[in-house]
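# Tertiary structure, described
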Amino acid sequence: MSRTLHPALRTGAATALALALTATTVLPATAMPVVPDTAGIPVASTTAEHPAGEPAADPAVATGQEASEVKGAQEESLSLGGIDAEALPEVLPDAQDLPEAPEADQEPEAEQKQAPTEEAEGVEGTDEAEEADAALMSLTEPAGASAVTAQKPADSASQPSDVVIQDLQEKAQADPATLDAPAAEEAEELTDTVMDNALSATQDVEVEKIATLTQPVETMDFIVAGVTWDIEDAGQVTEVSLRVRENAEWTDWNSMEIHSGDEMPNADRVGTEPLISSGADAIQVRVTTVDGENPSGLKLDLIDPGTADTDGKLEPASPASPALQQIEGQAGLSTPEPTEAAAASTSSAPAGAEFVPAVHAQQGLITGTAQATTASTGSNALKPAIITRAQWGANESVVNDWGAPSKDLKAMYVHHTAGSNNYSASGAYAQIRGIFTYHAVNLAWGDIGYQFLVDKYGKIYQGRRGSIDAPVVGAQAGGFNTDTIGVSAMGNYDVASAPAAMVRAIERVLAWQAHRYDVDPTANTRLTQSGKGTARWSSGTTVTVPTILGHKVTNMTACPGRYLDAQLPTIRRNVDRMVANAEENQAPGQPSLPSNPYRLTGTGTQAHAYWNAVPGADQYQIMYRAVPQGGGSISSQQWIAGKTGTATNYLLTNAPGETAQYAVRAVRNGVAGPQTYLGQHTAPLSWDDGDVYFGNGTTRSNGGIQADTKPEAIRIEGAGQADRVVVTATVASGTADIRVERDGKFAGRMKIRAGGSTVCAVPLGAGSNVRLELQNNATVTYSSVALTRPGQSQDVALDNARCQASFGDVNSSQTAFNAVEWMQWSGLTHGYEKDNTFGLYRDISRGESVAFLYRYLDPSFSVPSKAPFGDVAKGSTFFEPISWAARNGVAQGYIGGGFGVSQSVTRGEFASFLYRGVKPRFSVPSKQAFSDVSTKSSHHAAIAWMKSQKLSTGYADGTYRSGQRITRGEAALLLHRYHLNK
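Treat the numbers as computed from the prediction; the structure is a model and nothing was measured.

Definitions and limits used
Residues numbered from 1 in each chain as written. Predicted model: local features only at pLDDT ≥ 70, side-chain atom pairs only at ≥ 80, totals over all residues. Heavy atoms only, no water. Helix = DSSP H or I, 4+ residues; strand = E, 2+ residues; numbered from the N terminus. Buried < 20%, exposed > 50% of the residue type's maximum accessible area, 1.4 Å probe, protein only. Contact = heavy atoms within 4.5 Å. Areas by Shrake-Rupley, 256 points an atom, 1.4 Å probe, with all protein chains shown as cover. Lys, Arg positive; Asp, Glu negative; His and termini not counted. Salt bridge = Lys/Arg side-chain N within 4 Å of Asp/Glu carboxyl O. Polar contact = N/O pair within 3.5 Å; in protein donor to acceptor, adjacent residues only side chain to side chain. Phe/Tyr/Trp six-rings, centres within 6.5 Å; stacked < 30°, edge-to-face > 60°. Lys NZ or Arg CZ within 6 Å of the ring centre and 35° of its normal. Axes fitted to C-alpha atoms, helices over the stretch in contact; angles between N-to-C directions. Parallel < 35°, antiparallel > 145°, perpendicular 65-115°, else oblique. Left-handed = near helix turned anticlockwise from the far one by under 90°. Nonpolar A, V, L, I, M, F, W, Y, C, P; charged D, E, K, R; others polar. Pairing = 2+ DSSP bridges. Expected span 1.5 Å × (residues − 1). Arc of directions from axis to C-beta. pLDDT = per-residue confidence, 0-100. Core = buried A, V, L, I, M, F, W, Y, C linked by side-chain atoms within 4.5 Å.

Further remarks concern the overall build of the protein. Helix and strand content of the protein: 15 helices and 38 strands. Evaluated residue by residue, the protein yields a buried proportion of 53% over its 982 residues. Within the protein, residue pairs in contact and separated by at least 24 positions form 78% of the contacts whose partners lie at least 6 positions apart. Just so you have it, the protein exposes about 41200 Å², and 48% of that area is on carbon and sulfur atoms.

With that settled, the discussion passes to the side chain of R464. On the secondary structure map, R464 appears in the loop between β17 (460–462) and β18 (484–489). Within the buried set, R464 has no salt-bridge partner at all; the shortest N-O distance to an opposite charge, 4.7 Å, is to D447. Among the polar contacts listed, one links the side chain of R464 to the backbone oxygen of V473, at a separation of 2.8 Å. In contact with R464, not counting residues within four places along its chain, are R389, W402, W445, D447, I448, G449, Y450, Q451, V472, V473, G474 and A475.

Here the structure, examined in full by the defined rule, presents 14 aromatic pairs. The interplanar angle of 90 degrees and the centroid separation of 5.6 Å between the aromatic rings of Y429 and Y461 together place this pair among those described as edge-to-face. On the criterion of sequence distance, the pair formed by Y429 in helix α5 (residues 425–442) and Y461 in strand β17 is long-range, its members being 32 residues apart. The burial state of Y429 is the same as that of Y461; both residues are buried. Considering the side-chain rings of Y854 and F861, the 6.3 Å spacing of their centres and the 85 degrees angle between planes classify their relative orientation as edge-to-face. The burial state of Y854 is the same as that of F861; both residues are buried. Feature note: the residues W822, Y856, Y915, W945 and Y978 constitute an aromatic cluster, connected by ring pairs. Note that K456 overlies the ring of Y423, its terminal NZ or CZ placed 4.8 Å from the centroid. When the ring centre of F930 is taken as reference, the NZ or CZ atom of K947 above it lies at 4.9 Å.

With that out of the way, let us pick up the packing of helix α6 (residues 500–517) against helix α8 (residues 568–584). α8 packs onto α6 with a crossing angle of 50 degrees between their chain directions and a minimal axis gap of 9 Å. Comparing the axis directions of α6 and α8 gives the class oblique. Remark: the crossing between α6 and α8 carries right-handed chirality. The segment α6 lies against α8, with V503, R504, I506, E507, R508, L510, A511, A514 and H515 engaging T570, I571, N574, V575, M578, V579, A582 and E583. A per-class count over the contact of α6 with α8 returns 10 nonpolar, 3 polar and 4 charged.

What follows concerns the sheet that holds strand β37 (residues 770–774). Judged by pairing direction, the sheet is antiparallel, and its 5 strands sit side by side in the order β29-β32-β37-β34-β35 without closing on themselves. With one partner strand each, in any of the chains shown, β29 (692–695) and β35 (745–753) form the two edges of the open sheet. Going from strand to strand, the sheet's axes swing by 15 degrees on average, the running direction of each strand aside. Relative to strand β32 (residues 713–716), β29 runs antiparallel, the two being bridged by 4 bridges. Within the sheet, the bridge partner assigned to V692 lies in β32 and is I716.

Another aspect to go through is helix α2 (residues 162–174). Relative to the 18 Å expected for 13 residues at 1.5 Å per residue, α2 spans 19 Å between its end C-alpha atoms, a close match to the ideal helical length. Three or more residues of α2 are buried, namely V164, I165, L168, K171 and A172. Down the axis of α2, the smallest arc covering the buried residues is 125 degrees, so these residues share one side. Away from its buried face, by an angle of more than 90 degrees, α2 presents the exposed residues D162, Q173 and A174. Lining the buried residues of α2 we find β2 (82–83) and β6 (210–213).

On average, residues of the protein score 80 in pLDDT, and 79% of them reach the 70 mark or higher. Across the protein, element-level confidence peaks in strand β16 (residues 452–454) with a mean pLDDT of 98 and bottoms out in helix α1 (residues 14–20) with 29. Of the regions scoring below 50 in pLDDT, residues 340–377 engages in 106 contacts with residues more than four places distant in sequence or in other chains. In this model residues 796–802 is a low-confidence stretch, pLDDT under 50, and it forms 22 contacts with partners more than four residues away in sequence or in other chains.

Moving on to the pattern of salt bridges. What the rule picks out here adds up to 20 salt bridges. Between D688 and R700 there is a salt bridge, and its shortest N-O distance comes to 3.4 Å. With D688 in the loop between β28 (671–682) and β29 and R700 in strand β30 (residues 699–701), this residue pair connects regions lying 12 residues apart in the sequence. You can call R700 partly exposed: its relative accessible area is 45%.

Burial runs high along strand β20 (residues 542–546): 5 of the 5 residues are buried. Pairing of strand β19 (residues 524–528) with β20, which is carried by 5 bridges, proceeds in the antiparallel orientation. Within β20, the residue paired with T528 across the bridge is T542.

In this section: the packing of helix α11 (residues 846–857) against helix α15 (residues 968–981). One way to put it is that α11 packs onto α15 with a least axis distance of 11 Å and a crossing angle of 25 degrees. With respect to their mutual orientation, α11 and α15 come out roughly parallel. Our pair here, α11 against α15, has a crossing hand that is right-handed. Residues E848, F852, L853 and Y856 of α11 lie in contact with α15, whose contacting residues are R968, L975, Y978 and H979. Residues that form the contact of α11 with α15 fall into these classes: 5 nonpolar, 1 polar and 2 charged.

So, about the environment of A707. Following the sequence through the fold, A707 ends up in strand β31 (residues 704–707). Here the alpha-carbon distance between A707 and T779, two residues 72 residues apart in the chain, equals 5.8 Å. Leaving out residues up to four positions away in the same chain, A707 has contacts with T698, E712, L774, A778, T779, V780 and Y782.

Quick look at the sheet that holds β16 now. A sheet is described by the order of its strands in space; here 5 strands give the open sequence β17-β16-β18-β15-β21, paired in mixed fashion. Since the sheet does not close on itself, it has two edges, and those belong to β17 and β21 (548–550), each with one partner. Across the sheet, the axes of successive neighbouring strands diverge by a mean angle of 25 degrees, strand direction being ignored. Here 3 bridges tie β16 to β18, and the two strands are oriented parallel to one another. Bridged to L453 within β18 is S488.

What follows covers the nonpolar core. Soluble globular proteins tend to bury their nonpolar side chains together. Membership of the largest hydrophobic core comes to 69 residues, with the highest contact counts inside it found for L382, Y461, I506 and L510. It is α6 that contributes the most residues to this core, 9 residues altogether. In contact with I506, not counting residues within four places along its chain, are V414, V454, V487, A489, L564 and I571.

The next point concerns the side chain of R433. For R433, the position within the fold is in helix α5. Overall, the relative accessible area of 4% leaves R433 in the buried class. Apart from the residues within four sequence positions on either side, R433 is in contact with V70, P305, G306, T307, A308, D311, W392 and G393.

Our focus in this paragraph is the environment of L300. Within the fold, L300 resides in strand β13 (residues 299–304). Note: C-alpha distance between L300 and G226 (74 residues apart in sequence) is 5.9 Å. Ignoring sequence-local partners within four residues, the contact set of L300 consists of E76, S77, L78, L80, G226, V227, I283 and V285.

Turning next to unusual backbone geometry. With an omega of 15 degrees, the peptide bond running from C559 to P560 counts as cis. Note that the residue after K710, namely P711, is joined by a cis bond; omega there is 5 degrees. Not every positive phi belongs to a glycine, and A444 is a case in point at roughly 60 degrees. In this fold, A444 is placed in the loop between α5 and β16. Despite not being glycine, R961 has its phi angle at roughly 60 degrees, a positive value. Relative to the helices and strands, R961 resides in the loop between α14 (940–948) and α15.

Another aspect to go through is the environment of P615. Mapped onto the fold, P615 is located in the loop between β23 (606–610) and β24 (619–627). For the pair formed by P615 and P588, sequence separation is 27 residues and the distance between their alpha carbons is 7.6 Å.

Quick look at the structure:
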């Protein structure tokens, strides 16, 4: 078996070949990155570190692997209602120990920004939608807004008075708590902080609005907690706070974002956003309502999402664009390492840092020519690697899609999950499963609310189903879910700065989506509120917002947290730089082809390929994939980047015995566009190939193989992929008769006459070996033999230089030409050797008819020892075919014991021979197929079948003329049409 080096690789070293065979394209060297200029961001202490002994990222298992079985997942729902007296303090700290409350006109320490005002459009009093200009950055929370953030402990000034405590105790006696769970051992010591951040000492009236207050209670271990209630009381709840015990320590109160029920039409439940923990085992709940009454169906939902062996160990199954790294480098953006330090702080670069690209390395495949970088065409040039739903373990059986995706993308929200920052790489998977379960099942949204999530290690996760392919509608911003998407940072970034790896991952998602849907990252856009949700305005209000914005801009929440919110200006600038570089590096268009773009030369070793110029392209690169003689399927091979040049044509040369497919792609500024397929051809074998054998008297002569005596032969092994053998040969005198065999079985015949070099081809059936055996004593010199494969762009034998042994009475202008050529090369007929004619217009005999069918069908048949008819001599040309026809009911003889070997055949008789021979599955119609063929005719079924298969359409007058004699040319046409249809 030959394993010679492809010509496109011969200029490189052996190591270059190994490289080329394992990559679809060779990328330039990675440019040295520089961290982008980052605006000053307030940094707070963070707990975003790994648990002791756990690495930052577990080693990958296998690219694209799906999640293994999730084990240990469980859920618990506890009914809530009323006030637990045990949760209240008995006495308050002495009044003199309390610091003075701030004066009414005293400004708070934190900077306050003016909330946007609504401005009506059109004439006052009309139904025109209102528009409000939303501030581009942080907004002061209006009264009643819910901040999804861990609150700092309130000072004593926010504690209620003794009167408030007394009233709460009385309410607890009248409406005791219903939560059936054991009290936590720390319950008593936590009573003094039960009202932290709930109300001030002067707001005694608020006591009437506290509907539920539980003790700190022991629960199952959980990651996710949330509070839900019936949709009928969607507007009743004004505040829900939770605090949990993690690692034997109680967190501060977390005031949860409250949904209004507009997120999912026809949902029967509503509730809070989930509280995400790194692992908790106790909880306390506080609920305030408009009238102090408990909403119906109030429940505490706890979720343990379980674990899977693959958590944190999978490489993204949805790959990044090959161009992403190069574009980021050109934009001067780094790829931060997801270390513990990176996960705990935000990086910045010295002012004025400058990007300096590295020199593109030469890979050895192409001498003196730089390779083009494959760029994802169009919208996906900036696509990052994404961990799919199947990888983090989405339970697709509970998913309920929300209908068609948005038709446009106008804005992209940045969120945070407001949960624990103290999670591991594996814990990120579990958190997402927990959020998914709470959103999809407990809130009845049918899926996770966010389109994408990002963890502190810089890993990107697919959120909502379909989000990789389209801007599916989610629940990322109540009232503004259409024409927007949400990217959620996993953690609480109101108490810590987002790690650099996380910020870069957010930028990647936003840049990909902005480039994909033509969103200007630094512009503003107009969104119209639909429904109420948690939005700040009324339904129908149109607001002007940034295209990249924090959740808090349009909704009553502190999301994405003050530290991540402060990074949005830098995020917008970096996203804009990436999009700009992607547009500058936009791949050129796809080459189109002229007529006859792939032209074989000589015996098929070379092909000249042509294509049309592409506007803006500065070079063109040849792509190829190839297999040697005896190699496997070419379609399973990877495309390899070959030579580049400026011409719009190229001479393509294959190694001996090699089959290669070629394509071309345009290149602009080192970025390659989509490729256009050019063609495929197979080069003739080398006589030194280990799969080629010749003997029985054959000799090497003048670079070829000479045979001059029957049965000298050439045998080729390892030909399982071949579908045709193409021979170029010269005959000294007379005609060489060459039998072609496939695994010892007749495949066809070549008859090559003297008169110069001749190219002939015979189609091959299934098998592994090919044999060419001389059948007479003519002297023939084979100059080349090629085994072409399916997909050959140009048939050398039949399209370029037809075998010169065609019958003398058949030419290409005749209707039956292709049919007769096929019969000759398939070995169905040898014609009349005396004058080398086929007898195109001669009547076909009964013996010839069954002989044609027998050779074509090639049935398994044991030849009898006795002749079936008196006029068929044993050993004659027609003895075997007629014996087969008689035994299988294809043709019967005449009264008197004769078959009528030489008797002419009618059109009806030949139709019946063919019909009985192939035995098709056919329901015979009850109506006539032709006006002159009765349904009672013995030929009715056969002629009706032929018409149904379009083997014959009869004559223009609607007749078939079944009694008319049929010629050899007409019979060839019918048999060839059947072969093509089959």
